[in-house]
Each structure stands twice: as structure tokens, then as C-alpha cells.
Amino acid sequence: QVQLVESGGGLVQAGGSLRLSCAASGRTFGSYAMGWFRQAPGKEREFVATINWSGGSTYYADSVKGRFTISRDNAKNTVYLQMNSLKPEDTAVYYCAARIGAYSGSSYSEEYNYWGQGTQVTVSS
């Protein structure tokens, strides 16, 4: 069993920055990949970024590439999403997810076993 708790969401103006955190507990954090997804009102959940078990490999959705950075601190059991140059279209509930049993990341939500409760990010124009 893995518990994931996101934090760091909020309201920010376009062009601003936020850093999301996701604290994990319950399993050896450095043994599995992590991902961030988001869901805007009336839309399906979409992939944002993923990171492998060590942090040495990352992958991003085209819509956030160059603006967002995913990272992890295995000593702190935490994964981060640094979001810069935010746009109104980034407004969504952001979820972190754990891919237990896999060292590499994935952009497919169905390949993740555990999910956090989500944190709201709102970008005003």
C-alpha cells in the first residue's frame, strides 16, 4: 500500500510559477517510477510528466516541455513538479501517481497503481 499526498497548488497569475510536492509513504520510494497528471473541468485526465526510479530519466507532455520540471528526492520520499511560465490553460487539478513494480516512467495513466487526492492549480489571465 502506498499513500500519496500532494501540496503546493494555488492561484497564480499567468507567467508565474508554482512548485508542487507529492509525499509518498508505505513502500520503498526509490524502487518505483512516479508521474504527474492533471484534469481540467470537463476534460479527461491527461499526462504531464514522469520520472524513473532514480530520477535519471524524465519525460514530458509536449504542452509543458520546457516550462515544467519533474524531480524527486528519494531521501525525502518526495517528487516535485516545478511549473514555470504558467498559462491559463494549465489550470487543472494536478495528481501525482506511483507506478509500483516499475522502474521506468510511463505516460499512460492505467499503468499507475496509486494516486494522490489532487491539488488545484488555477492560473489567471
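See the structure above.
Predicted model only: the values in this text are computed from it and were never measured.

**Student:** Is there a simple way to think about the nonpolar core in this case?
**Tutor:** It is characteristic of soluble globular proteins that their nonpolar side chains tend to be buried jointly. Core analysis: the biggest nonpolar cluster contains 35 residues, and Met-34, Trp-36, Leu-81, Met-83 and Tyr-94 have the highest contact counts within it. Those elements that provide at least two residues to this core are β3 (18–25), β4 (33–39), β5 (46–51), β7 (68–73), β8 (78–83), β9 (92–99) and β11 (119–124). In terms of residue count, the dominant contributor to this core is β9 (5 residues). With residues near it in sequence (within four places) discarded, Met-83 still touches Gly-16, Ser-17, Leu-18, Leu-20, Arg-67, Phe-68, Tyr-94 and Val-121.

**Student:** Which parts of the structure should I look at to understand the packing of aromatic side chains?
**Tutor:** Given two aromatic rings, their pairing is described by the distance between the two centres and the angle made by the two planes. Per the stated rule, a full pass over the model turns up 7 aromatic pairs. For the pair Phe-37 and Tyr-112, a centre-to-centre distance of 5.2 Å together with 80 degrees between the ring planes defines the contact as edge-to-face. Here the residue Phe-37 occupies a position in strand β4, and Tyr-112 occupies one in the loop between β9 and β10 (114–115), the gap between them amounting to 75 residues. Of the two residues examined, Phe-37 and Tyr-112, each falls in the buried class.

**Student:** Please clarify how the sheet that holds β3 should be interpreted in this entry.
**Tutor:** Paired through their backbone hydrogen bonds, the strands of a sheet run either parallel or antiparallel. Overall, antiparallel pairing links the 4 strands, which are arranged β1-β3-β8-β7 in an open sheet. The open sheet has two free edges, formed respectively by β1 (3–7) and β7, since each of these has just one partner strand. Within this sheet the neighbouring strands show an average axis-to-axis angle of 15 degrees, counted without direction. In terms of strand pairing, β7 meets β8 through 6 bridges, oriented antiparallel. Directly across from Asp-73, in β8, lies its bridge partner Thr-78.

**Student:** Explanation requested: unusual backbone geometry in the structure shown.
**Tutor:** Residues other than glycine predominantly adopt negative phi, and peptide bonds predominantly adopt the trans conformation. Positioned with a positive phi, Asn-77 is a non-glycine residue whose angle comes to about 55 degrees. Of note, Asn-77 is situated in the loop between β7 and β8. Of note, the phi angle at Ser-85 is positive, near 50 degrees, even though the residue is not glycine. When its relative accessible area of 41% is taken as the criterion, Ser-85 is described as partly exposed.

**Student:** So what exactly am I meant to see when it comes to the pattern of salt bridges here?
**Tutor:** Enumeration over the complete set of coordinates arrives at 5 salt bridges. A salt bridge links Asp-62 to Lys-65; its shortest N-O distance comes to 3.1 Å. Classification of Asp-62 as exposed rests on a relative accessible area of 66%. One salt bridge in this structure joins Arg-67 and Asp-90, with 2.7 Å as the shortest N-O distance. Taken together, the residues span a long stretch of sequence, with Arg-67 in the loop between β6 (58–60) and β7 and Asp-90 in the loop between β8 and β9 at a distance of 23 residues. The pair formed by Arg-67 and Asp-90 is uniform in burial state, with each residue classed as buried. Salt bridges sharing partners connect three or more residues here, namely Arg-38, Glu-46, Arg-67 and Asp-90.

Definitions and cut-offs
- Residues numbered from 1 in each chain as written.
- Predicted model: local features only at pLDDT ≥ 70, side-chain atom pairs only at ≥ 80, totals over all residues.
- Heavy atoms only, no water.
- Core = buried A, V, L, I, M, F, W, Y, C linked by side-chain atoms within 4.5 Å.
- Buried < 20%, exposed > 50% of the residue type's maximum accessible area, 1.4 Å probe, protein only.
- Helix = DSSP H or I, 4+ residues; strand = E, 2+ residues; numbered from the N terminus.
- Contact = heavy atoms within 4.5 Å.
- Phe/Tyr/Trp six-rings, centres within 6.5 Å; stacked < 30°, edge-to-face > 60°.
- Pairing = 2+ DSSP bridges.
- Axes fitted to C-alpha atoms, helices over the stretch in contact; angles between N-to-C directions.
- Salt bridge = Lys/Arg side-chain N within 4 Å of Asp/Glu carboxyl O.

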